[in-house]
Amino acid sequence: MNLLRPKVAFAGIVAMCLVAACSSSSKSSPPATTAGTTAGGTTASTAAPADTSPIKIGVMLPLSGPLAGSSADYAPMVPLLVKEAGNTTIDGRPVQVILKDDTGTAAGAASTARELIDQEKVSVILGPLYTAMAESVLPLTNAAKMFEVAFTGCPDCGDGTK
């Protein structure tokens, strides 16, 4: 069995997600404006300030527990994702990658997903790695209307009906 293949697949999927997210449209839209009438009857408009808050990407891996060995090669790559040229910002907003331990269990994955959604306020979740964890996370990401990339062969995950 080729052990390099899953590592390359993981790195490729993560890279594709970041490249897609970091790509800007070549068309620029004008800034949003707010118009109002002044006391003298003239119209004044102001441009809405640009959003400079970070775009947060949550990554769930089993860093502890029974499956911790499976992510030993992936975890060191996660901080490097935003160090790659062109991956530091999306439309001028900084990208922040947040790595969390899902403990390699369904309950741990659900708890970690809840933390990423409710406390960290991530925009997207990458992970988990295994079907049982993905099945426990899916209802949470669906309820939050959040994009998730689960690195598993889960047949029911991602179809939006479960």
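Keep in mind that this is a model prediction, so the values were computed, not measured.

(A) The overall build of the protein chain, seen in detail. Secondary structure summary: the protein chain contains three helices and seven strands in total. The contacts in the protein chain between residues at least 6 apart in sequence include a share of 60% that link residues at least 24 apart. Surface summary for the protein chain: the accessible area is close to 9,400 Å², and the carbon and sulfur share equals 59%.

(B) Expanded view of the pairing of strand E5 (residues 93–101). Note: strand E3 (residues 55–61) against E5, seven bridges, orientation parallel. Note on E5: the bridge partner recorded for Met-60 is Lys-100. Sheet analysis places strand E4 (residues 89–90) next to E5, joined by two bridges and oriented antiparallel. Within E5, the position partnered with Ile-90 by the bridge is Arg-93. In this antiparallel pair of consecutive strands, E4 and E5, the connection spans two residues, and Asp-91 shows a positive phi of 50°.

(C) View of the sheet that holds E5. What the five strands build is an open sheet, ordered E4-E5-E3-E6-E7; its pairing is mixed. The open sheet has two edge strands with one neighbour each: E4 and strand E7 (147–149).

(D) Structural context of helix H2 (residues 106–118). The end-to-end C-alpha distance of H2, which contains 13 residues, comes to 18 Å, matching closely the 18 Å that a straight helix rising 1.5 Å per residue would cover. By the burial criterion, the buried members of H2 are Gly-108, Ala-109, Ala-110, Thr-112, Ala-113, Leu-116 and Ile-117. Those residues of H2 that are buried lie in contact with E3, E5, strand E6 (124–126) and helix H3 (131–143).

(E) Just the packing of H2 against H3, in detail. Packing of H2 against H3 leaves a shortest axis separation of 8 Å and a crossing angle of 30°. Every pair of crossing elements has a handedness; the one defined by H2 and H3 is right-handed. Residues Ala-106, Ala-109, Ala-110, Ala-113, Arg-114 and Ile-117 of H2 form the contact with H3, whose participating residues are Ala-132, Met-133, Ser-136, Val-137, Leu-140 and Thr-141. Across the contact of H2 with H3, the residue classes break down as nine nonpolar, two polar and one charged.

(F) Up close: the nonpolar core. One finds Ile-57, Val-59, Leu-61, Val-95, Leu-126, Leu-129 and Phe-151 to be the most contacted residues of the largest nonpolar core, which totals 15 residues. Looking at this core, the elements with two or more residues in it are E3 and E6. Ranked by size, the runner-up nonpolar core spans 13 residues in total, among them Ala-110, Ile-117, Leu-140 and Met-146.

(G) Broad picture of the pattern of salt bridges. Counted by the stated rule, this structure contains four salt bridges. For Glu-115, the salt bridge is made with Lys-100, and the minimal N-O distance between the two is 2.9 Å. Taken as a pair, Glu-115 in helix H2 and Lys-100 in strand E5 lie far apart in primary sequence, 15 residues in all. The partly exposed category is assigned to Glu-115, whose relative accessible area is 25%. Among the charged side chains, a salt-bridge network with shared partners connects Lys-100, Glu-115 and Glu-120.

Calculation rules
Note that residues are indexed from 1 along each chain, following the sequence as it is written. Local features are withheld for residues below a pLDDT of 70 in this predicted model, meaning they are given only at 70 or higher, and side-chain atom pairs are given and counted only at 80 or more; totals for whole chains, interfaces and linings count all residues. Hydrogens are left out, water is left out, and the side-chain values use all remaining heavy atoms of the structure. Strands here mean DSSP runs of E at least two residues long; helices mean DSSP runs of H or I at least four residues long; both are numbered from the N terminus. In what follows, a contact means two residues having at least one pair of non-hydrogen atoms within 4.5 Å. Exposure was quantified through the Shrake-Rupley algorithm and a 1.4 Å probe, taking into account, for residues, occlusion by the shown protein chains and nothing else. Pairing between two strands requires that DSSP report at least two bridges joining them. Helix span, as expected, comes to 1.5 Å for every residue beyond the first. Any residue under 20% of the maximum accessible area for its type is buried, any over 50% is exposed, and the rest in between are partly exposed; the area is computed with a 1.4 Å probe on protein chains only. For helices, the fitted line uses only the C-alpha atoms of the stretch in contact; every axis is such a line through C-alpha atoms, and the angle between N-to-C directions lies from 0 to 180 degrees. Each crossing gets its hand from how the near helix is turned against the far one by less than a right angle, where anticlockwise is left-handed and clockwise is right-handed. All residues other than Ala, Val, Leu, Ile, Met, Phe, Trp, Tyr, Cys, Pro, Asp, Glu, Lys and Arg, Gly among them, are scored as polar; the first ten of these are nonpolar and the last four charged. We define the nonpolar core as a collection of buried residues of types Ala, Val, Leu, Ile, Met, Phe, Trp, Tyr and Cys that are connected through side-chain atoms lying within 4.5 Å of one another. One side-chain nitrogen of Lys or Arg within 4 Å of one carboxyl oxygen of Asp or Glu is enough to make a salt bridge.

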